[in-house]
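Chain by chain, the residues run as shown.
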Amino acid sequence: MDTSQLKQMRRFRKGMRFVGAWFIVIGGFMLFQVTSVLLDPEGVITYNGVPTNDFSVKLNSTLFVGLFVLIGIFAAFLPAKILNKLFVLKMSLKSSVGFRK
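These figures come from a predicted structure and were not determined experimentally.

A. Representation of a positive patch on the surface in the model. A grouping of Lys 7, Arg 10, Arg 11, Lys 14 and Lys 90 is seen on the molecular surface, where their side chains present a positively charged patch. Sort the elements by how many residues they give to the positive patch and helix 1 (residues 3–39) lands first, with 4 residues.

B. Up close: the side chain of Thr 62. Tracing the backbone through its elements, the reader meets Thr 62 in helix 2 (residues 55–77). For Thr 62, a relative accessible area of 11% corresponds to the buried category. Setting aside residues no more than four positions away along its own chain, Thr 62 makes contact with Leu 31, Val 34, Thr 35 and Leu 38.

C. Spatial organisation of the side chain of Ser 61. Position of Ser 61 among the secondary structure elements: in helix 2. Separated by 2.8 Å, the side chain of Ser 61 and the backbone oxygen of Lys 58 make a polar contact. In contact with Ser 61, not counting residues within four places along its chain, are Val 34 and Ile 45.

D. Representation of unusual backbone geometry within the structure. Phi angles above zero are rare outside glycine, and Asn 48 is one such case at about 55°. Mapped onto the secondary structure, Asn 48 falls in the loop between strand 1 (45–47) and strand 2 (50–52).

E. A look at the environment of Tyr 47. Along the chain, the position of Tyr 47 falls in strand 1. With relative accessibility at 47%, the residue Tyr 47 sits in the partly exposed group.

F. Quick peek at the packing of helix 1 against helix 2. In the contact formed by helix 1 and helix 2, the axes pass within 7 Å of each other and the chain directions differ by 160°. In this view, helix 1 runs roughly antiparallel relative to helix 2, as classed from their interaxial angle. Our pair here, helix 1 against helix 2, has a crossing hand that is left-handed. Here the residues of the contact of helix 1 with helix 2 sort into 19 nonpolar, 8 polar and 2 charged.

Definitions and limits used
- Residues numbered from 1 in each chain as written.
- Predicted model: local features only at pLDDT ≥ 70, side-chain atom pairs only at ≥ 80, totals over all residues.
- Heavy atoms only, no water.
- Patch = residues over 30% accessible without salt bridge, like charges linked within 9 Å, V, L, I, M, F, W, Y side chains within 5 Å.
- Areas by Shrake-Rupley, 256 points an atom, 1.4 Å probe, with all protein chains shown as cover.
- Salt bridge = Lys/Arg side-chain N within 4 Å of Asp/Glu carboxyl O.
- Lys, Arg positive; Asp, Glu negative; His and termini not counted.
- Charge placed at Lys NZ, Arg CZ, Asp CG, Glu CD.
- Helix = DSSP H or I, 4+ residues; strand = E, 2+ residues; numbered from the N terminus.
- Buried < 20%, exposed > 50% of the residue type's maximum accessible area, 1.4 Å probe, protein only.
- Contact = heavy atoms within 4.5 Å.
- Polar contact = N/O pair within 3.5 Å; in protein donor to acceptor, adjacent residues only side chain to side chain.
- Axes fitted to C-alpha atoms, helices over the stretch in contact; angles between N-to-C directions.
- Parallel < 35°, antiparallel > 145°, perpendicular 65-115°, else oblique.
- Left-handed = near helix turned anticlockwise from the far one by under 90°.
- Nonpolar A, V, L, I, M, F, W, Y, C, P; charged D, E, K, R; others polar.

Here's what the structure looks like:
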């Protein structure tokens, strides 16, 4: 690997950690809001254009938003070794498609 690829790898790691941090922050705010609706028996959520207070719909939305927080945690706190492997995989996929030589 030459120095430009090492710089790209460092930028990729920092970018993944940055995106992970934003997923945690934004997903945390969203999870807080959706959890408050979930715990409120009179809380109404719009599902397919119809306002409903069905518990299963509220639970599904809470789990969906919780996935954003989990993805952010994984992206922000993955070890550098795994992120380096992801970078190499990304570069090899680009090379096989024809974007890079």
